[in-house]
Protein chains: 2
Amino acid sequence: MSLTTHCSNCSLHPLCLPLSLKTSEMDKLDAIIRRGRPIKKGELLFAQGEPFDSVFAVRTGTVKTYTLTQEGDEQITGFHLASELVGLDAYDSPVYPASARALETTNVCEIPVDRLDALSGQLPELRRQLLRLMGRELREDQQMMLLLSKKSAEERIASFLLNLAARFRRRGYSGTQFRLTMARSDIANYLGMAVETVSRVFTRFQRQGILADSSSARDIEIVDLTALTQMASLADCERLELGISA
Amino acid sequence: MSLTTHCSNCSLHPLCLPLSLKTSEMDKLDAIIRRGRPIKKGELLFAQGEPFDSVFAVRTGTVKTYTLTQEGDEQITGFHLASELVGLDAYDSPVYPASARALETTNVCEIPVDRLDALSGQLPELRRQLLRLMGRELREDQQMMLLLSKKSAEERIASFLLNLAARFRRRGYSGTQFRLTMARSDIANYLGMAVETVSRVFTRFQRQGILADSSSARDIEIVDLTALTQMASLADCERLELGISA
DNA sequence: GCGCGGCCTTGATCCATATCAATTGACCTC
DNA sequence: GAGGTCAATTGATATGGATCAAGGCCGCGC
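Residues numbered from 1 in each chain as written. Chains lettered and ligands numbered in written order. Predicted model: local features only at pLDDT ≥ 70, side-chain atom pairs only at ≥ 80, totals over all residues. Heavy atoms only, no water.

Enquirer: Please clarify how the sheet that holds strand 7 (residues 99-102) of chain A should be interpreted in this entry.
Expert: Strand pairing in a sheet takes place through backbone hydrogen bonds and is either antiparallel or parallel in direction. Residue and element names in this part refer to chain A. Pairing in this open sheet of four strands is antiparallel, and the strands run 2-7-4-5 from one edge to the other. A strand with exactly one partner marks an edge of an open sheet, and here the two such strands are strand 2 (44-46) and strand 5 (74-80). Direction aside, neighbouring strands of the sheet carry axes that sit 30 degrees apart on average. The sheet contact formed by strand 4 (residues 63-68) and strand 5 spans six bridges and is antiparallel. Bridge pairing in strand 5 links tyrosine 66 to isoleucine 76. (Pairing = 2+ DSSP bridges. Helix = DSSP H or I, 4+ residues; strand = E, 2+ residues; numbered from the N terminus. Axes fitted to C-alpha atoms, helices over the stretch in contact; angles between N-to-C directions.)

Below you can see the structure in the form of structure tokens.
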């Protein structure tokens, strides 16, 4: 009968929160989740400084999170694909420490924290899953610091593309052909470089035959994965995370 | 009778985990904590890749955590002062994703995660405190990303000093005079710059009368806090965290 | 208290990437 | 399909900080 989405029938649930929950437990979680209307491209999911009341799971689409510097320009802290959680960093804070904006039409599941908190007292698995997710985010941040403080422009772009590729692959999409939902300026901002440099590295990769020269700038096709992987000069922990052998 | 340390008599407990636990609850936490011999300067607390079994609370001293790049050089991800937790980022991972090394003689409380996990099921306050601490760490990482991708050499050093100052102040020490326990090379590594640049910025700050020309390179005295704060060009969220008005 | 070795500072040079300035391209509206 | 707008590319130039190369200082061991 029902066409509505539930955790139990959601194709993302092996990647999202309910991982390893029993059906009855999953129903409990399902009961506290709010599913609103789709967020259109450019719309805010929440704004830095607003009272923190919910975390969000991305169901479809992409979200960028960013903080604002004193001068008012933004620092993108992450891109969030389907099945990923947004807003975990607000734990401990009365307000959201970052803003979240949809990069394309996006559907999210809203999870009120007070309810989540209460429920995680009852379900040890859920509690562990939450801590696991935060732990993973901490480790991703550390890799990002490594990237920002040690890597060259080419290494940054290569790492970025490999990271996206691995995430698409885990979701059952192609790990070699995908569409970037973010603008060059977003990539530049996220990776701590100028737009022009991002652009130049992309064309260089195309000339070197690492990427295919695609019709649109946002369509990516990785031709030489080996070369791209070498370019990235990944740390061991990064390989592990991306599922790259050696 | 007893001279041993317990959470209930530890001067750090308002800053550490047991925050807002009742005495009986604190005793439960106290029971699972292991207090080993002091770690000497240069010794490892744990090494990247070792099985993750415990988080550590610094009781006295300083610890640096760092990951290794492919080429084998280190990327410092944080400095941890008394009352701060080390190893939270290992949640979700079977092994420590980073190494931890003492920068001076250091005493720690070791908290086995399986026990902590079980206990946090019983104590909602402890559970929230854990999530809060991880949330805070996530936000600190975000500020670090901002620093690494947007700030100039001077802004980095100024931010770093103000951050340390605020943490010392919260512990009841002077926020204007303190001793750096880390080498210039550690600061450089952490802030993503060359040792030489760190050195130059320090001398520039001394010439400008922002810092006092101290006997030893590691003794810091902030003379002009206002100027240093301006130099840092902090984001609003950073001010909030450091307790700086406007 | 003397000498050794690592840590720190200082100066000179270089280079990766930012910045500035057009140009091109994609898409949208009328 | 002409014109407008915004995103992306490309080229020329500038620069902050890295790198290279000496010294100087300080703490530590003998």
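Enquirer: Just to check I follow, could you spell out the sheet that holds strand 5 (residues 74-80) of chain B for this structure?
Expert: Residue and element names in this part refer to chain B. The antiparallel open sheet is built from four strands, whose spatial order is 2-7-4-5. Looking along the sheet, the strands with just one partner apiece sit at the ends: strand 2 (44-46) and strand 5. Across this sheet, the average inter-strand angle for adjacent strands is 30 degrees, counted without regard to direction. When strand 2 meets strand 7 (residues 99-102), the two strands line up antiparallel, connected through two bridges. In the strand pairing of strand 7, leucine 44 is matched with arginine 101.

Enquirer: Got a minute to help me understand the domain arrangement of chain A in this structure?
Expert: Residue and element names in this part refer to chain A. Per the domain assignment, the segments of chain A are domain 1 (7-143) and domain 2 (151-242). Inter-centroid distance (C-alpha atoms) of domain 1 to domain 2 is 25 Å. Each partner contributes residues to the interface: domain 1 has 19 residues there, and domain 2 has 15 residues. Buried surface at the junction of domain 1 and domain 2, summed over both partners, amounts to about 1,600 Å²; 49% is from carbon and sulfur atoms. Area buried by domain 1 at its contact with domain 2 is led by Phe79, Leu81 and Gln143, which between them contribute 39% of it. (Domains from an automatic or database assignment. Contact = heavy atoms within 4.5 Å. Buried area = accessible area lost by both parts, 1.4 Å probe.)

Enquirer: For this particular structure, what's the right way to read helix 6 (residues 195-207) of chain A?
Expert: Two residues of an α-helix separated by three or four positions point the same way, owing to the 3.6 residues in each turn. Residue and element names in this part refer to chain A. For helix 6, spanning 13 residues, the distance from its first C-alpha to its last is 19 Å, which sits close to the expected 18 Å at 1.5 Å a residue. For helix 6, every residue scored as buried is listed here: Val198, Val201, Phe202 and Phe205. Projection of helix 6 onto a plane perpendicular to its axis shows the buried side chains occupying an angular sector of 100 degrees, all on one side. Exposed residues lying more than 90 degrees from the buried face of helix 6 are Arg200 and Arg207. For helix 6, the elements touching its buried residues are helix 4 (153-170), helix 5 (184-191), strand 10 (219-221) and helix 7 (225-232). Where helix 6 terminates, the next one or two residues include glycine 209, which has phi positive at roughly 75 degrees. (Expected span 1.5 Å × (residues − 1). Buried < 20%, exposed > 50% of the residue type's maximum accessible area, 1.4 Å probe, protein only. Arc of directions from axis to C-beta.)

Enquirer: Is there a simple way to explain the packing of helix 4 (residues 153-170) of chain B against helix 7 (residues 225-232) of chain B in this structure?
Expert: Angle between the axes and distance between the axes: these two values describe a pair of packed helices. All names here are of chain B. At a minimum axis distance of 7 Å, the contact between helix 4 and helix 7 shows a crossing angle of 125 degrees. Considering the angle they form, helix 4 stands oblique to helix 7. You can see that helix 4 and helix 7 cross each other, and the crossing is left-handed. Residues Glu154, Glu155, Ala158, Ser159, Leu161 and Leu162 of helix 4 form the contact with helix 7, whose own contacting residues are Leu225, Leu228, Thr229, Met231 and Ala232. Its residues placed into classes, the contact of helix 4 with helix 7 shows seven nonpolar, two polar and two charged. (Parallel < 35°, antiparallel > 145°, perpendicular 65-115°, else oblique. Left-handed = near helix turned anticlockwise from the far one by under 90°. Nonpolar A, V, L, I, M, F, W, Y, C, P; charged D, E, K, R; others polar.)

Enquirer: So what exactly am I meant to see when it comes to the packing of helix 5 (residues 184-191) of chain B against helix 6 (residues 195-207) of chain B here?
Expert: Residue and element names in this part refer to chain B. Where helix 5 meets helix 6, the axes come as close as 8 Å, and the angle between the chain directions of the two elements is 105 degrees. On the basis of the axis angle, helix 5 is roughly perpendicular to helix 6. In this structure, helix 5 uses Arg184, Ser185, Ile187 and Ala188 to contact helix 6, whose residues at the interface are Val195, Val198 and Phe202. Broken down by class, the residue content of the contact of helix 5 with helix 6 amounts to five nonpolar, one polar and one charged.

Enquirer: Looking at this structure, I do not really get the protein's contact with DNA strand D. What am I missing?
Expert: With respect to spatial proximity, 16 residues lie near DNA strand D, and among them A:Arg184, A:Ser199, A:Arg200, A:Thr203 and B:Thr197 are the closest. Here a phosphate oxygen of DNA strand D sits 2.9 Å away from a polar atom, N or O, in the main chain of B:Ala153. A distance of 3.2 Å is found between a phosphate oxygen of DNA strand D and a backbone nitrogen or oxygen belonging to B:Ala194. Only helix 6 of chain A together with helix 6 of chain B provide two or more residues apiece to the surface near DNA strand D. The element contributing the most residues to the surface near DNA strand D is helix 6 of chain A, with four residues. Tallied by class, the residues present in the surface near DNA strand D amount to five nonpolar, five polar and six charged. (Near = heavy atom within 4 Å. Polar contact = N/O pair within 3.5 Å; in protein donor to acceptor, adjacent residues only side chain to side chain.)

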